[in-house]
Amino acid sequence: MDSAARRSRVPLALALATVLATAAALLTALAPRAHAAVLTPVASFGADPGDLSLYTYVPDGLPANAPLVVLLHGCAQDADAYHRHSGWARAADTGGFALAYAEQKTANNANRCFNWFEPGDVTRDSGEARSIRSMVEHTVSAHGLDADRVYASGLSAGGAMVNEVLSAYPDLFAGGAVVAGIPAGCATSMIDAFTCMNPGRTWSPQQWGDRVRAKNPGWTGPWPRVAVWHGTSDTTVAPANGTGSVRQWTNVHGIADTPTATESLPGSTTASYYGGSDDASARVAHYSVPGLGHGTPVDPASDCGTAGAYFLASVCSTGYTARFWGLGDGPGPDPTDPPTEEPTDTPTEDPDPGDCVRATNYDHVRAGRAVQRLGLAYAVGSDDPLGLWNVFVTTSLTETSPGYWENTPGAC
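Residues numbered from 1 in each chain as written. Predicted model: local features only at pLDDT ≥ 70, side-chain atom pairs only at ≥ 80, totals over all residues. Heavy atoms only, no water.

### Section: the state of the cysteines
Then step 1. By the definition in use, this model includes three disulfides.
Then step 2. Here C186 connects covalently by a disulfide to C196, the sulfurs 2.1 Å from one another. Between C186 and C196 the disulfide shows an S-S torsion of about -105°. By sign, it is left-handed. Note that C186 is positioned in the loop between β6 (175–179) and α7 (190–197) and C196 in helix α7, a separation of 10 residues in sequence.
Then step 3. Since its relative accessible area comes to 3%, C186 is described here as buried.
Then step 4. On the basis of relative accessibility, which here comes to 0%, the residue C196 falls in the buried class.
Then step 5. Each sulfur in the disulfide pair C304 and C316 lies 2.1 Å from the other. The S-S bond linking C304 to C316 shows a torsion near 85°; that makes this disulfide right-handed. In this pair, C304 sits in the loop between β11 (296–298) and β12 (311–313) while C316 sits in the loop between β12 and α10 (317–325), placing the two residues 12 residues apart along the sequence. (Disulfide = S-S within 2.5 Å. Helix = DSSP H or I, 4+ residues; strand = E, 2+ residues; numbered from the N terminus. Buried < 20%, exposed > 50% of the residue type's maximum accessible area, 1.4 Å probe, protein only.)

### Quick notes on the sheet that holds strand β13 (residues 356–360)
Then step 1. Taken in spatial order, the three strands line up as β13-β17-β18 in an open sheet, and their pairing is antiparallel. Edge positions in the sheet fall to β13 and β18 (404–407), since each of these pairs with one other strand and no more. Here the strands of the sheet are splayed against their neighbours by 35° on average, with no regard to which way each runs.
Then step 2. Bridge count for strand β17 (residues 394–401) against β18 is four bridges, and the pairing is antiparallel. (Pairing = 2+ DSSP bridges. Axes fitted to C-alpha atoms, helices over the stretch in contact; angles between N-to-C directions.)

### Here we look at the confidence of the model for the chain
Then step 1. In this model, the chain carries a mean pLDDT of 86, and residues with pLDDT of at least 70 account for 84%.
Then step 2. Scored below 50 in pLDDT, residues 1–35 shows three contacts in the model against residues more than four places distant or in partner chains.
Then step 3. Residue range residues 332–351 is modelled with pLDDT below 50. Its contacts to residues more than four positions away, or to other chains, number 33 contacts. (pLDDT = per-residue confidence, 0-100. Contact = heavy atoms within 4.5 Å.)

### Quick word on helix α3 (residues 88–95)
For an α-helix, the turn length of 3.6 residues means that residues three or four places apart are oriented alike.
Then step 1. The element α3 is largely enclosed, with a buried count of six among its eight residues.
Then step 2. Every buried residue of α3 is listed here: W88, A89, A91, A92, T94 and G95.
Then step 3. G96 sits one or two residues past α3 and shows a positive phi near 75°.

### A closer look at the pattern of salt bridges
For side chains of opposite charge, pairing can occur when their charged atoms come near one another.
Then step 1. In total, this model carries 15 salt bridges according to the counting rule given.
Then step 2. Measuring nitrogen to oxygen at the nearest pair gives 3.4 Å for the salt bridge that ties R201 to D192.
Then step 3. Accessibility expressed as a relative area gives 21% for D192, which makes it partly exposed. (Salt bridge = Lys/Arg side-chain N within 4 Å of Asp/Glu carboxyl O.)

### Quick look at the nonpolar core
Note on soluble globular proteins: their nonpolar side chains tend to be buried together.
Then step 1. Ranked by size, the top nonpolar core spans 41 residues in total, and within it L68, V70, L72, I132, V136, F173 and W249 carry the most contacts.
Then step 2. Where this core is concerned, the elements lending two or more residues are β3 (68–72), β4 (98–103), α5 (127–143), β5 (150–155), α6 (157–168), β7 (225–231) and α9 (240–253).
Then step 3. Non-local contacts of V70, meaning those with residues more than four positions away in its chain, are made with A100, I132, V136, V150, Y151, A152, S153 and F173.
Then step 4. Counting residues in each nonpolar core, the second largest holds 37 residues, with Y151, A227, W229 and V315 among its members. (Core = buried A, V, L, I, M, F, W, Y, C linked by side-chain atoms within 4.5 Å.)

Right, dumping it as structure tokens:
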């Protein structure tokens, strides 16, 4: 090839390279981008004698050994509706835990209610109860979650089923939340179920507790910590059921069924704590919402769920439930946003080894005593969880050895 021909091909090669580069850039721009976590169906999760469906929601970047919350919808609902309205998706994103939604089929119950009143569906390792156990075991294994921090929450029939699976599997669940539900063992048939729903049964604490103990005759504990939510104007599932659940679980825990402390929450809600001075130490909590009908309490104004059928704007039950379980600090600012207020309790001097330092989690992170991951703070060295990373949560840390900090509540 002569020099003239070679020279004529140089501009052509450059032009071709430019075209290819432009095409590559265009393809990159049009390529699918990484998506945030979505509600995902799980085709197979092990033994499923109850013929239920499983959907999971696992936040992006979830650390190993994160907690799991199992959610059971109410009648006439499904997993998608519960996910969209209940506020649990945002709680999982900010609190750093995974969600597993059990879904009922119309083939099992025409109204899509969990069969909490059928002995074959609530006995340990039988029917729907066994399917829910399989969901837990599969999700924990598939995503490397903490088997010791599994919790369950549900509404109405889902809440009744929560009571049943907590009773059948106290070795599987660390805690539960019963929203407008019914105590375990109340019904053994559909006819019984209507009596339990309204007006409800007025059994003694011992009678209620015996219904739980009968499911695991040899089990002596530990028993799950239980939060009970009920509206005072619920005409579908009478408020007496909330009282019954409280009597049931206080008896199981061997504590008095009179509150040891109370707290006022938004929506005129009264939180009554049993066996502890607050929601961090209580074994049982009863959240009574004045004027609320039948549904899950949500608080759209604080970005806690959205109102809809059986999702009633009042108070953020999801946030306070997560706080009760130790999975978050309740409704408040998004912990992934950098705090906007200047801290007021930053120590003026570096502490000596062995000193206890009480400060906000934001201050602890800024001073190097803690680190922040996914909006949560963890002590440097021990990696003790401290809760949300912001200027509103205050914790006490003690440096037990150089550079090794431990969470020491009440120490300073």
